[in-house]
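# Understanding the architecture of this molecule
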Amino acid sequence: MTRLESFSMSLQHALNVQILIKMHRSDYAEKQLRIMQQADEDHTLTQLANAWLNLAVGGSKIQEAYLIFQDFSEKYQMTSLILNGKAVCFMHMGNFDEAETLLLEALNKDTKDSETLANLVVCSLHLGKPSTRYLSQLKISHPDHMLVRRAVSAEEIFDRAVQTVA
């Protein structure tokens, strides 16, 4: 198998892991991850898929996910993906102050990154800070983002409820 074919297979398995996590089927995602680990346990995509699965499973697996993202931050240039990964781990652990610091660093790298903005909305809400700035930025730069669609839907439902009471 050529390197390109191997990479293509890893990419396919990583995508499968992500899709299965979105479908709330971590049991099947774990099977896909095991296939990836058998092929190359140290491959970056394998490690990333492992971190995704650990975040989805939660509990004690959050610390393992954090260690994977920490390892990435030591091996590679700090990116929004790595910073968001570490921040989400901190949010799962209830450390929203540290998560906010990492997310603001990610925002400095890319002011329009949808995941950074969405995570900042959530983090700000947990810290009792205003989140409207980040939600407004997200609405402008990524109007189809799931968080934006849900916020707009909630606003419309609230407006209808107010009109029925008024």
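Residues numbered from 1 in each chain as written. Predicted model: local features only at pLDDT ≥ 70, side-chain atom pairs only at ≥ 80, totals over all residues. Heavy atoms only, no water.

Looking only at helices and strands, the protein has 9 helices and 0 strands in total. Counting helices and strands in the order they occur from the N terminus, the protein gives α-α-α-α-α-α-α-α-α. Expressed as lengths along the three principal axes of its C-alpha atoms, the size of the protein is roughly 65 × 30 × 30 Å. A buried classification covers 38% of the 166 residues belonging to the protein. Within the protein, residue pairs in contact and separated by at least 24 positions form 41% of the contacts whose partners lie at least 6 positions apart. As displayed, the protein offers around 10300 Å² of accessible surface, 55% of which is attributable to carbon and sulfur atoms. Positive and negative charge centroids in the protein, built from 16 and 20 side chains respectively, lie 4 Å apart. (Helix = DSSP H or I, 4+ residues; strand = E, 2+ residues; numbered from the N terminus. Buried < 20%, exposed > 50% of the residue type's maximum accessible area, 1.4 Å probe, protein only. Contact = heavy atoms within 4.5 Å. Areas by Shrake-Rupley, 256 points an atom, 1.4 Å probe, with all protein chains shown as cover. Lys, Arg positive; Asp, Glu negative; His and termini not counted. Charge placed at Lys NZ, Arg CZ, Asp CG, Glu CD.)

Soluble globular proteins: nonpolar side chains tend toward being buried together. Membership of the largest hydrophobic core comes to 32 residues, with the highest contact counts inside it found for Leu-55, Phe-69, Cys-89 and Met-91. Of all the secondary structure elements, the ones that give two or more residues to this core are helix H3 (44–57), helix H4 (61–75), helix H5 (80–92), helix H6 (96–109), helix H7 (114–127), helix H8 (132–141) and helix H9 (146–165). If one sorts the elements of this core by residue count, H5 sits on top with 7 residues. Setting aside chain neighbours within four positions, we find Leu-55 in contact with Ile-62, Ala-65, Phe-69, Val-88, Cys-89 and His-92. Counting 10 residues, the second-largest nonpolar core is a separate cluster that includes Ala-14, Val-17, Ile-21 and Ala-49. (Core = buried A, V, L, I, M, F, W, Y, C linked by side-chain atoms within 4.5 Å.)

What the largest pocket holds in volume is close to 1100 Å³. Lining the largest pocket are 22 residues, with Lys-22, Leu-55, Val-88, Glu-115 and Asn-119 positioned closest to its centre. Of all the elements in the fold, those that place two or more residues in the lining of the largest pocket are helix H1 (3–22), H3, H5, H7 and H9. With 6 residues, H5 is the single largest residue contributor to the lining of the largest pocket. Each residue belonging to the lining of the largest pocket can be placed in one class, and the counts come to 12 nonpolar, 7 polar and 3 charged. (1 Å grid on protein atoms, 1.4 Å probe; cavity = no way out; pocket = protein on both sides within 12 Å on 5 of 7 lines; lining within 4 Å. Points joined across faces, edges and corners; volume = space filled by probe spheres on them. Nonpolar A, V, L, I, M, F, W, Y, C, P; charged D, E, K, R; others polar.)

What follows is about the packing of H6 against H7. Angle between the axes and distance between the axes: these two values describe a pair of packed helices. Relative orientation of the contacting elements H6 and H7 amounts to 150°, with a least axis distance of 10 Å. With respect to their mutual orientation, H6 and H7 come out roughly antiparallel. Seen from above, H6 lies across H7 with left-handed handedness. Across from Phe-96, Asp-97, Ala-99, Glu-100, Leu-103, Leu-104, Ala-106 and Leu-107 in H6, the residues of H7 making contact are Thr-116, Leu-117, Asn-119, Leu-120, Cys-123, His-126 and Leu-127. Its residues assigned to classes, the contact of H6 with H7 shows 10 nonpolar, 3 polar and 2 charged. (Axes fitted to C-alpha atoms, helices over the stretch in contact; angles between N-to-C directions. Parallel < 35°, antiparallel > 145°, perpendicular 65-115°, else oblique. Left-handed = near helix turned anticlockwise from the far one by under 90°.)

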